[in-house]
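# Geometric and topological summary
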Amino acid sequence: MMVRTIITTIGLGLGLTLYSASAHAEWTVNLTPGVTDVSRSVFDLHMTIFWICVAIALVVFGVMFWSIFHHRKSRGAQAHNFHENTLVEVIWTIIPLLILVGMAVPATATLVKMYDPSEAELDVQITGYQWKWRYDYLDHDLNFFSNLSTPREQISNEAEKQEHYLLEVDRHLVLPVGTKIRFLLTSNDVIHSWWVPALAVKKDAIPGFINEAWTIIDEPGIYRGQCAELCGKDHGFMPVVIEAVSQDDFKQWLVDAQAEKQSQAAAAERTWTLDELMQQGEQVYLRACAACHLPTGEGVPGAFPALKGSPVATGDVAGHIDIVLNGKSGTAMQAFRDQLSATELAAVITYERNAWGNSLGEAVSPAQIMRLLEPSTGEAEQ
Amino acid sequence: MSTQADNWRLVRRLILSCVLMFGFGFALVPLYDVFCEVTGLNGKITKTGPVALEGPDLSRQIKVRLIAVHNEGMPWEFGPIDGLIETHPGEMKQTAFHAANPTGRRMVAQAIPSVAPAEAAEYLHKVNCFCFEQQVLLAGESVEMPLLFVIDKQLPEHIRSLTLSYTLFDISPEVSVAEQAEKEQTL
Amino acid sequence: MSTLDTTLHAAEHEHHGPAKGVGRWLFTTNHKDIGSLYLWFSLLMFFIGGCMALMIRAELFQPGLQLVDPGFFNQMTTMHGLIMVFGAVMPAFVGLANWMVPMMIGAPDMALPRMNNWSFWILPFAFAMLVSTLFMDGGAPNFGWTFYAPLSTTYAPPSVTYFIFAVHMMGISSIMGAINIIATILNLRAPGMTMMKLPLFCWTWLITAFLLIAVMPVLAGVVTMMLMDIHFGTSFFNAAGGGDPVLFQHVFWFFGHPEVYIMILPAFGIVSQIIPTFARKRLFGYASMVYATASIAILSFLVWAHHMFTVGIPLAGELFFMFATMLIAVPTGVKVFNWVATMFRGSMTFETPMLFALAFVVLFTIGGFSGLMLAIAPVDFQYHDTYFVVAHFHYVLVPGAVFAIMAGAYYWLPKWTGHMLDERMGKLHFWLSFIGVNITFFPMHFIGLAGMPRRIPDYALQFADFNMVASIGAFIFGLSQLIFLWNVIACVRGGQKAEARAWEGAEGLEWEVPSPAPYHTFVEPPKLPESLR
């Protein structure tokens, strides 16, 4: 009776699990083997340890359930009077010890492989921000931010969720395959953790400190990951997306990226109308500001100030520009001068001064911001 | 009654161990620094000040990458003059970081160094560094901040490149908007 | 002279029972009253923390944000962790110790009864303060129960100061409780009760109490450093002033890892009492159980950095902490083997306490296996901070610690109330809990391996199915705890009269006194029963 109940329970649990799993095509129940040599070693190690655990479990639970079944009072079992056996106790101390040594050998080998100090061909600096990643290609004078690109309507269930819900970003980290890449990780604010399961790389990004990790990607493709260390409100909304491409494509991508930088600078020079700025400003606002100040500009009392009707957004324009460009120390307000282009900065400031009933009617021009962004390089030479 | 006396003796000892463990919690701070120094954990640089040079080891070449990181709310322009430096162990290298304060207010900054890989930290010897002291820049001011370092010849063979990062923190004393306005008026 | 004094006192005590009204509970120095207070308090906290868990699981039922915003979600995960660890599990163990330790060793009361009163009555204030932060501007602590700096210092909501004082108060309460238990066990044992005759529950608690004395002050130290960083301009954990955020993690886990064993060692003790009773056979390998417990406690001080494999520790450090952690599997294995050997060739029956104890052995062992997997540093890079970790520690804490507490409660309820439990209701509670726990936490292994980080309010679509299953399981488990409440209340109010030896195979001094246990027991030191001589 007892055993039957146990079996039914386990069957029910398993059945439920399997049913729900088969209902969805892309269910995964295990680690990814990944696309690097290291990630495959990690996967093999994981499976080895797993099967050893399963084997031990079968033996231990086997004896236990056998006793539960056979040595029960209802079957007339009499209790035997033994409660010590030094030999048995020594044996079951030593056998697990040997099994552990057996596990430690491959584990140590894999760990040593992960700490391989050989020279990297490409250095990428990764900086964690609340709540986005910044990537610097250190040898190529190229850097950009990578923000979550899932529309807010999908998160708030007003639109249907797409395939890569919460695992998509506006700019991918493009990397060449077959190249040893070194990641240098640090943070702008709190501790983050940069994780891409397919590379088996997870490393903390710690403010004030620099951490190293490396990878060699074998196959081109798109690999997705997430921030793994609780970093505040939108910790769940700062994915990592890597686009691994062939080495030739990577060179071409570098050229294209430089060209795009030039054209952005050119765009800032032309004259923008208030409507154009408002339109772009809204997009930038939703991407960069709405996480804290909310799409309605109302903020979160006690944590993030409102912009709607605020003294900054309706007051002196220079003060407003200053706080957006340079941030506000001691608060969560970041300096956006490096994060957004001149045009985006102008657009978002214009938007904040003219949305939600803030109606100043004035536009901040991209050219004006441009001048503020590049003053001191000349002075430094003097 | 002896149990009572036993109790109090025991309780006194246990309370004393609590106090000691509370102290030990704080003692972990310097212990951790010692530990970091021995193991190079976290890439803290401990060797600073003048050094006796014995001539460079020309058989080995080390790539030193310099990177600049802004901490939150730090609007300064900040970066190395030279992002990648080739050097030999035992060779004195001079370089500099450029910084500029684009804001309309006086600001104080502190640069915090860190080395990767962490085990290289104890072999990076800084003779002179802008991180030794706080940097003060007036509104719109810019500066070139010197850095003079040597890599110890004892650097393990397998390390051929290392990274030295500086994170710039804003440590300007908090000034309220009202005070700022008042100051500007008196000026 | 003084001997005469105590006899007089004792005689006087024997005549008067508990005081009347609220005063009985406020001013009581009776270990049974204080034990009951602890247990009721922890049950209340269990339900409060449980409601928060259900709020978390309700939000995670489907992808997208439905019920709470991400900031509040973080407050829920933080408060759930803090309340369950410090409010539910630890006070429940102290409550059980208060009730049972003096009766098990033949002592009239705890060694320091007035301190005992104080150590309980601090707790309601500590938790009232902690829970009140939910209603403050900026919200409750939202940085996780591990409160890593600088998220918990520079970036914390203003309520963090209340959180720090609440932790200080809980710490003081735990330390006083621990001192009391050590003094009781070391000084008040009945004549002839040598250390190696102590019931295992007392042994595991004694070792736990030493762990508490060693690490709770370190926790107090780390929150004090936080307080100083936040309010007095020091830079222990602030890189800008020459501090180090990673130092926080080292100090925290120096407390945190022994803390994990504080929450499981007494559970080992409870299970080691229950299994022999219902197998009608003495515990196998008593001495090795004691040594295993002690070695687990010692090893717990050498493994803290396995919680921080990804912060960037040099190779030698990673290897040391990996090996030390793996080593813990040996004494833990010895314990499991001993329990199985106790059942082997016994004469088993399966009343509710035994069912919980058996479920403990199986499910705790599963949690142990995932713990072993997590110890392997290179693979931990993939598991760290994912739902695999969440599955692991819930397996050792819910069907581990919590099931052991429930097993203990069912086991000793007849002694406390004088009434036998309604077995049908007990079994119903067990099976619903057992099924619920596994449906909740088993799928978390899968979503963790598939790549879902912990502490996120919303997730990618490939994690949706298992999250839904887990949420359903959580509600089954959560609601079935109402049966537990009903069972306890029913047992207090009435039921079949319990005999002094409520369970057929039960051995030990606590079963020599009548059920319910009189207000004062063992005023005269008892003679040890046959089985203990």
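Residues numbered from 1 in each chain as written. Chains lettered and ligands numbered in written order. Predicted model: local features only at pLDDT ≥ 70, side-chain atom pairs only at ≥ 80, totals over all residues.

A count of helices and strands for chain B gives two helices and nine strands. Starting at the N terminus and ending at the C terminus, chain B contains elements arranged as α-β-β-β-β-β-β-β-β-β-α. Within chain B, buried positions represent 39% of all 187 residues. Within chain B, contacts between residues separated by at least 24 positions form 77% of all contacts whose residues are at least 6 apart in sequence. (Helix = DSSP H or I, 4+ residues; strand = E, 2+ residues; numbered from the N terminus. Buried ≥ 20, exposed ≤ 12 C-beta atoms within 10 Å, placed from the backbone. Contact = placed C-beta atoms within 7 Å.)

The next thing to look at is the interface of chain A and chain C. The partner chain C presents 88 residues to the 88 residues of chain A that form the contact. A total of 14 residues in the side of chain A that touches chain C trace back to one element, the largest contributor, which is helix H3 (residues 86–114) of chain A. Residues of the side of chain A that touches chain C, tallied by class, amount to 49 nonpolar, 26 polar and 13 charged. (Nonpolar A, V, L, I, M, F, W, Y, C, P; charged D, E, K, R; others polar.)

All names here are of chain C. With respect to the helices, strands and loops of the structure, alanine 88 is situated in helix H4 (residues 70–105). When the 25 C-beta atoms within 10 Å are taken as the criterion, alanine 88 is described as buried. Residues alanine 88 and leucine 67 lie 21 residues apart in sequence; the distance between their C-alpha atoms is 26 Å. When residues no more than four places from it in sequence are discounted, the contact partners of alanine 88 are Ser42, Met45, Phe46, Gly49 and Ile83.

All names here are of chain B. Taken in spatial order, the four strands of this open sheet run S2-S4-S8-S6, and their pairing is antiparallel. Looking at which strands have only one partner, the edges of the open sheet turn out to be strand S2 (77–80) and strand S6 (124–129). Mean inter-strand twist for the sheet, computed between neighbouring axes without regard to direction, equals 25°. With four bridges connecting them, S2 and strand S4 (residues 92–100) associate as antiparallel partners. Its bridge partner being in S4, glutamate 77 is matched across the sheet by alanine 100. (Pairing = 2+ DSSP bridges. Axes fitted to C-alpha atoms, helices over the stretch in contact; angles between N-to-C directions.)

On to helix H5 (residues 247–269) of chain A, then. For the α-helix, the turn length of 3.6 residues means that residues three or four positions removed from each other point alike. Here H5 of chain A is 23 residues long and its end C-alpha atoms lie 34 Å apart, about the 33 Å a rise of 1.5 Å per residue gives. Burial of H5 of chain A is sparse: only one of the 23 residues sit out of reach of the surface. (Expected span 1.5 Å × (residues − 1).)

Let us now look at the confidence of the model for chain B. Residues and elements named next belong to chain B. When the pLDDT values of chain B are averaged, the result is 82; 83% of them are 70 or greater. A low-confidence stretch, residues 176–187 (pLDDT under 50), is modelled with one contact involving residues beyond four sequence positions or located in other chains. Interface predicted TM-score (ipTM) for the complex: 0.90; the corresponding pTM is 0.89. (pLDDT = per-residue confidence, 0-100.)

All right, on to the sheet that holds strand S9 (residues 161–170) of chain B then. All names here are of chain B. Taken in spatial order, the five strands of this open sheet run S3-S1-S9-S5-S7, and their pairing is mixed. Looking along the sheet, the strands with just one partner apiece sit at the ends: strand S3 (84–87) and strand S7 (135–137). Neighbour-to-neighbour, the strand axes of the sheet open up by a mean angle of 30°, direction not taken into account.

Moving on, we come to the packing of helix H2 (residues 37–70) of chain A against helix H12 (residues 329–343) of chain C. A pair of packed helices can be characterised by two numbers: the angle between their axes and the separation between those axes. Direction vectors running N to C along H2 of chain A and H12 of chain C enclose 25°, while the axes themselves pass 9 Å from each other. Put simply, H2 of chain A runs roughly parallel to H12 of chain C. Considering only the axes of H2 of chain A and H12 of chain C, their crossing is left-handed. Every residue of H12 of chain C that contacts H2 of chain A at Val60, Val63, Met64, Ser67 and Ile68 of chain A is listed here: Val336, Val340 and Met343 of chain C. Taken together, the residues of the contact of H2 of chain A with H12 of chain C sort by class into seven nonpolar, one polar and no charged. (Parallel < 35°, antiparallel > 145°, perpendicular 65-115°, else oblique. Left-handed = near helix turned anticlockwise from the far one by under 90°.)

On to the interface of chain B and chain A, then. Listed as interface residues are 34 residues of chain B and, on the opposing side, 31 residues of chain A. At the level of elements, strand S1 (62–70), S4, strand S5 (107–116), strand S8 (142–151) and S9 of chain B are the ones that each hand at least two residues to the side of chain B that touches chain A. Ranked by residues supplied to the side of chain B that touches chain A, first place goes to S9 of chain B with five residues. Among the residues forming the side of chain B that touches chain A, the class breakdown is ten nonpolar, 17 polar and seven charged.

It is worth spelling out helix H17 (residues 464–493) of chain C at this point. Here H17 of chain C is 30 residues long and its end C-alpha atoms lie 45 Å apart, about the 44 Å a rise of 1.5 Å per residue gives. After H17 of chain C finishes, the residue glycine 495 of chain C shows a positive phi value of roughly 125°.

With that settled, consider the pairing of strand S1 (residues 122–129) of chain A. Residues and elements named next belong to chain A. Counting buried positions along S1 yields seven of eight residues, so the element is predominantly enclosed. Looking at chain direction, S1 and strand S5 (residues 180–187) are connected through seven bridges and run parallel. Each residue of the ladder has a partner; that of leucine 122, found in S5, is isoleucine 181. Pairing geometry for S1 and strand S2 (residues 132–137), over six bridges, is antiparallel. Considered in S2, the bridge of valine 124 is made with tyrosine 137.

In the UniProt entry, the feature "transmembrane region" (unreviewed entry) is given for residues 14–32 of chain B. Structurally, residues 14–32 of chain B is divided into 100% helix and 0% strand, and its ends, taken at the C-alpha atoms, are 26 Å apart. (UniProt positions renumbered as here; feature names shortened; annotations may be inferred.)

Quick look at unusual backbone geometry now. For the bond from alanine 149 of chain C to proline 150 of chain C, the omega torsion is 0°, close enough to zero to count as cis. Within the secondary structure, proline 150 of chain C is located in the loop between helix H5 (113–132) and helix H6 (160–187). The omega angle of the peptide bond from serine 515 of chain C to proline 516 of chain C is -5°, so this bond is cis rather than trans. For proline 516 of chain C, the position within the fold is in the segment after H17. Positive phi is not limited to glycine here, since aspartate 141 of chain A has a value of about 45°. With respect to the element layout, aspartate 141 of chain A can be found in the loop between S2 and strand S3 (142–146). Take aspartate 141 of chain A: there are 11 C-beta atoms within 10 Å of it, and that puts it in the exposed class. The backbone phi angle of alanine 200 of chain A is positive, close to 55°, even though this residue is not glycine.

Right, let's get into the nonpolar core. Residues and elements named next belong to chain C. In this structure, Val89, Val271, Phe360 and Ala407 are the most contacted members of the largest nonpolar core, which totals 335 residues. Valine 89 has contacts with Met84, Met263, Leu397, Ala401 and Val402, leaving out every residue within four places of it along the chain. Counting five residues, the second largest nonpolar core, distinct from the first, contains Ala498, Ala502, Trp503 and Trp511. (Core = buried A, V, L, I, M, F, W, Y, C linked by C-beta atoms within 7 Å.)

Once that is clear, we can look at the environment of glycine 426 of chain C. Residue and element names in this part refer to chain C. Mapped onto the fold, glycine 426 is located in helix H16 (residues 423–450). A count of 23 C-beta atoms within 10 Å places glycine 426 in the buried class. In sequence terms glycine 426 and valine 488 are 62 residues apart; their C-alpha atoms lie 9.7 Å from each other. Beyond its immediate stretch of four places on either side in the chain, glycine 426 contacts Thr352, Tyr410, Leu421 and Asn487.

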